[in-house]
Amino acid sequence: MKLIIINGPNLNLLGKREPTVYGTTTFEDYFKQLKEDFSEVTLEYYQSNIEGKLIDKIHEVGFSYDGIILNAAAYTHTSIAIADAIKAIETPVVEVHISNVHSREKFRHLSYIAPNVKGIISGFGLKSYNLAIESFVN
Ligand code: DQA
């Protein structure tokens, strides 16, 4: 089973960024733990702040990997291009958010990508990523 976590803009600052919303753990530290927790899975990680690079990565993995766990961050609420990229590929995508986007500002309630994904996990902190991986493994 080959899965990739793709994180969008500002998620490189996890651990430092708005810790009351996103916690104090860096994604690199969390990712090490994830790899240990799911040692049976080939798990990769990619992050970019640039919309086109996220789309390039979705295209690159989208016909050969078993799953994509995508936190498109703010692009979730703005990007028709990422929504189209998800529609264009064969690999199933699970949309993930660390925070519960529906308990936050109204502009976070709209997800352009939601209609094209397999499912959505939002609001469980970094554990949202564990749950997304489990959805592919089990
Ligand atoms: C986020 C929620 C988005 O609204 C926000 O723009 C992010 C992170 C989350 O993981 O909770 O950058 O996707």
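Structural data are supplied above this passage.
In this text the structure is predicted, and so the values were computed from the model without any measurement.

## Focus: the overall build of the protein chain
Counting its regular elements, the protein chain contains five helices and five strands. What you see for the protein chain is a C-alpha radius of gyration of 14 Å, in line with the 14 Å of a compact globule of 138 residues. If you line up the protein chain on its principal axes, its C-alpha atoms span 35 × 35 × 25 Å. Considering the protein chain as a whole, with its 138 residues, one finds that 48% of them fall into the buried category. A sequence separation of at least 24 residues applies to 78% of the contacts in the protein chain between residues at least 6 apart. Looking at the protein chain as shown, the accessible area adds up to about 6900 Å², and 52% of this sits on carbon and sulfur atoms. Positive and negative side-chain charges of the protein chain, numbering 13 and 16 respectively, have mean locations separated by a distance of 5 Å.

## As for the packing of helix H3 (residues 51-61) against helix H4 (residues 80-88)
Packing of H3 against H4 brings their axes to within 10 Å, and their N-to-C directions diverge by 5 degrees. One way to sum up the angle between H3 and H4 is to call them roughly parallel. In this structure, H3 uses Glu-51, Leu-54, Ile-55, Ile-58 and His-59 to contact H4, whose residues at the interface are Ala-81, Ile-82 and Ala-85.

## Notes on the nonpolar core
In terms of nonpolar packing, the biggest core is built from 23 residues, with Ile-5, Phe-27, Leu-34, Leu-43, Ile-69 and Tyr-129 touching the most fellow members. Put simply, the parts of the chain that give this core at least two residues each are strand E1 (2-7), helix H2 (27-37), strand E4 (93-97) and helix H5 (127-137). Among all residues touching Ile-69, those that are not within four sequence positions of it are Leu-3, Ile-4, Ile-5, Ile-6, Val-94, Val-96, Tyr-129, Ala-132, Ile-133 and Phe-136. Judged by nonpolar contacts, the second largest core, of 19 residues, contains Ile-58, Val-61, Tyr-75 and Val-93.

## Overview of the site of the ligand
Taken together, Arg-17, Tyr-22, Asn-71, Ala-73, Ala-74, His-77, His-97, Ile-98, Ser-99, Val-101, Arg-104 and Arg-108 make up the full set of residues near the ligand. A distance of 2.6 Å is found between an oxygen atom of the ligand and a side-chain nitrogen or oxygen belonging to Ser-99. In this structure, an oxygen atom belonging to the ligand sits 2.9 Å away from a side-chain N or O atom of Arg-108. Computed on the free molecule, the ligand has an accessible area of 320 Å², of which 99% lies beneath the protein chains in the complex. Partitioned by chemical class, the residues of the shell around the ligand number five nonpolar, four polar and three charged.

Criteria and cut-off values
For every chain, the first residue of its written sequence is number 1, and the numbers climb from 1 along that sequence. A pLDDT threshold of at least 70 governs which residues receive local features in this predicted model, and a stricter bar of 80 or more applies before side-chain atom pairs are shown or counted, although totals over entire chains, interfaces and linings include all residues. For the side-chain quantities, the full set of heavy atoms in the structure was used; hydrogens and water were omitted. The secondary structure listing takes helices from DSSP runs of H or I that are at least 4 residues long and strands from runs of E that are at least 2 residues long, numbered from the N terminus. The globule rule used here is 2.2 Å times the number of residues to the 0.38 power, and the radius of gyration it is set against is calculated over C-alpha atoms. With a 1.4 Å probe rolled over the protein chains alone, any residue whose accessible area is under 20% of its type maximum counts as buried; one over 50% counts as exposed, and the rest are partly exposed. Whether two residues are in contact is decided by their heavy atoms, any of which lying within 4.5 Å being enough. Throughout, the Shrake-Rupley method with a 1.4 Å probe supplies accessible areas, and for residues the shown protein chains are the sole cover considered. Under the counting rule used here, the positive set is Lys and Arg, the negative set is Asp and Glu, and His together with the chain ends is not counted. A charge is said to be at NZ when it belongs to Lys, at CZ for Arg, at CG for Asp and at CD for Glu. Axis lines are fitted through C-alpha atoms, for helices just across the contact stretch, and the angle between N-to-C directions can take any value from 0 to 180 degrees. Oblique is the label for any angle not under 35 degrees, not over 145, and not in the 65 to 115 range, which are roughly parallel, roughly antiparallel and roughly perpendicular in turn. Remark: nonpolar core denotes a set of buried residues (Ala, Val, Leu, Ile, Met, Phe, Trp, Tyr, Cys) joined through side-chain atoms within 4.5 Å. The near set for a molecule or strand comprises every residue that places at least one heavy atom within 4 Å of it. Two N or O atoms form a polar contact when they lie within 3.5 Å of each other; inside protein one atom must be a possible hydrogen donor and the other a possible acceptor, and for residues adjacent in sequence the pair counts only when both atoms belong to side chains. In this count, Pro and Cys sit with the nonpolar residues alongside Ala, Val, Leu, Ile, Met, Phe, Trp and Tyr, while Asp, Glu, Lys and Arg are called charged and the others, Gly among them, polar.

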